[in-house]
Every structure is written in C-alpha cells, then in structure tokens.
Amino acid sequence: MTIMGIDPGTATTGFGIVKKDRGNFEMLDFGIIATSPKDTASKRLEKIFQEILSILEKHKPELVVVEKLYFFKNLKTAMPVAEARGVILLAIQQSKVKIIELTPLEVKMGICGYGRAEKQQVQKMVKETLKLEKIPKPDDVADALALAICGALKARCG
C-alpha cells in the first residue's frame, strides 16, 4: 500500500510517500511545498492546493495522513496553518483518497511508543524504519514521513 503523509504549513508544507508491504516500509518520495511570504495568502493557498493535487496524481496513494492541528501557542500562526490544512483536505477529498488525521502526540506514540518523545527521537525512528542513511531534512519532511508510517500502522495496511 502507498501512503502519503503531509505536515501542513503556509510557508512550508512537508510531504512524504512511503510504501508498506508485508510489514516493511520503503520511502518512495519526499519534499516540501514552499511558498513565498511576498505572495498573497490566497496565492500561497492555491499553490499548496495545486501541488498537493499534482503529488496525489503522480503517486496515487491509497491513504493520506494529515497532521491535525490540536493546540496552538500563537493564533497568528495557527490561522494560516488551519487555512493550509483546509486546502490540503479539499485536494485529498477531490482526489477521492482515504484520509486519516493524527495529532503530533499520536505520531510520537506510534513511532516511539512515547507521547512526549523529542523531535530528534521521532526523526531517528523514521530514519531506522525507512532504512535511510541519514535523517530526512527539513523537519517538515521527517514529520510527513512519520505521519505516513503511523497512518499505515493505524490503518493496519500491508
């Protein structure tokens, strides 16, 4: 089964595509969708929407896992992230792909077995699970790959 993980953001949205087969994971693709702060909010959201549609069309995942916004420290950053999540969810829905939403706590539990795991612990487990030589960068990509892995485990696929 092919699974896509998405770590939403307005400036940078991370994505990761993994394949799970017979309990083994393989990384197929990863990257970021970067938008310019010079662009209007609507132009940035359109870019995220279009690029997510393009990635979905290219990889045809059977499942997409999106990070759920469950708390925020700063309303100024939470609102744009919520808007980005909205266009991401719309793109997935239009592509008729199954969606799972996970909180960062659920991802930490799924990857490390501990809900208060540090970011570095999660990244190390992503590297090991996918048998990579080094931790994927930037952090948004590692988070997206962690989401894909946890989504696959939660959905009990492959």
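Since we're looking at a predicted model, the values are computed, not measured.

Novice: Lay out the overall build of the chain with the relevant residues and their values.
Specialist: From N to C terminus, the chain includes 5 helices and 5 strands. What you see in the chain, going N to C, is helices and strands ordered as β-β-β-α-β-α-β-α-α-α. Here the chain has a C-alpha radius of gyration of 15 Å; the compact-globule value for 158 residues is 15 Å, and the two agree. Projected onto the principal axes, the alpha-carbon positions of the chain cover approximately 45 × 35 × 25 Å. Burial status across the chain gives 42% buried among its 158 residues. Taking all contacts inside the chain whose residues are at least 6 apart in sequence as the whole, residues at least 24 apart take part in 62%. Looking at the chain as shown, the accessible area adds up to about 8,600 Å², and 53% of this sits on carbon and sulfur atoms.

Novice: For the pattern of salt bridges, give the residues involved together with the corresponding values.
Specialist: Applying the stated criterion across every chain, the model contains 8 salt bridges. With a shortest N-O distance of 4.0 Å, E106 and K154 are connected by a salt bridge. In this pair, E106 sits in helix α3 (residues 104–112) while K154 sits in helix α5 (residues 139–155), placing the two residues 48 residues apart along the sequence. Residue E106 is classed as partly exposed on the basis of its relative accessible area, which comes to 33%. Here E128 ties to K124 by a salt bridge, and the two come within 3.9 Å at their closest N and O atoms.

Novice: Can you tell me about the sheet that holds strand β4 (residues 63–67), naming the residues and giving the values?
Specialist: Spatial strand order, β3-β2-β1-β4-β5: 5 strands in an open sheet with mixed pairing. The open sheet has two free edges, formed respectively by β3 (24–34) and β5 (98–102), since each of these has just one partner strand. Pairwise comparison of adjacent strand axes, ignoring direction, gives a mean angle of 20° for this sheet. As paired strands, β4 and β5 are joined by 5 bridges and run parallel to one another. When the sheet's bridge partners are listed, V66 is paired in β5 with E101. Across the sheet, helix α1 (residues 41–59) lies against β1 (2–7), β2 (12–21), β3 and β4, angled at about 155° from β3, the strand it touches most.

Novice: Just give me the short version of the nonpolar core, but keep the residues and values in it.
Specialist: If you look at the biggest cluster of nonpolar residues, it comprises 22 residues, and the most contacted ones within it are I111, V126 and L130. Secondary structure elements with two or more residues in this core: β4, β5, α3, α4 (119–129) and α5. Per-element accounting of this core gives the leading share, 8 residues, to α5. In this structure, I6, I88, A91 and I92 belong to the second largest nonpolar core, which totals 19 residues.

Novice: Please give an account of the environment of I6 that cites residues and values.
Specialist: Tracing the chain through its elements places I6 in strand β1. Those residues in contact with I6 that lie beyond four places of it in its chain are T13, G14, I52, V64, V65, V66, E67, I88, I92, A144 and L147.

Novice: Which residues make up the packing of α4 against α5, and what values go with them?
Specialist: Relative to each other, α4 and α5 sit at 65°, their axes nearing to 9 Å. Between α4 and α5 lies a crossing of left-handed hand. Touching K119, V122, Q123, V126 and T129 of α4 are D139, A142, D143, L145, A146 and I149, all from α5. Its residues assigned to classes, the contact of α4 with α5 shows 6 nonpolar, 2 polar and 3 charged.

Each value, and the rule that gives it
- Residues numbered from 1 in each chain as written.
- Predicted model: local features only at pLDDT ≥ 70, side-chain atom pairs only at ≥ 80, totals over all residues.
- Heavy atoms only, no water.
- Helix = DSSP H or I, 4+ residues; strand = E, 2+ residues; numbered from the N terminus.
- Rg over C-alpha atoms; globule rule 2.2 N^0.38 Å.
- Buried < 20%, exposed > 50% of the residue type's maximum accessible area, 1.4 Å probe, protein only.
- Contact = heavy atoms within 4.5 Å.
- Areas by Shrake-Rupley, 256 points an atom, 1.4 Å probe, with all protein chains shown as cover.
- Salt bridge = Lys/Arg side-chain N within 4 Å of Asp/Glu carboxyl O.
- Pairing = 2+ DSSP bridges.
- Axes fitted to C-alpha atoms, helices over the stretch in contact; angles between N-to-C directions.
- Core = buried A, V, L, I, M, F, W, Y, C linked by side-chain atoms within 4.5 Å.
- Left-handed = near helix turned anticlockwise from the far one by under 90°.
- Nonpolar A, V, L, I, M, F, W, Y, C, P; charged D, E, K, R; others polar.

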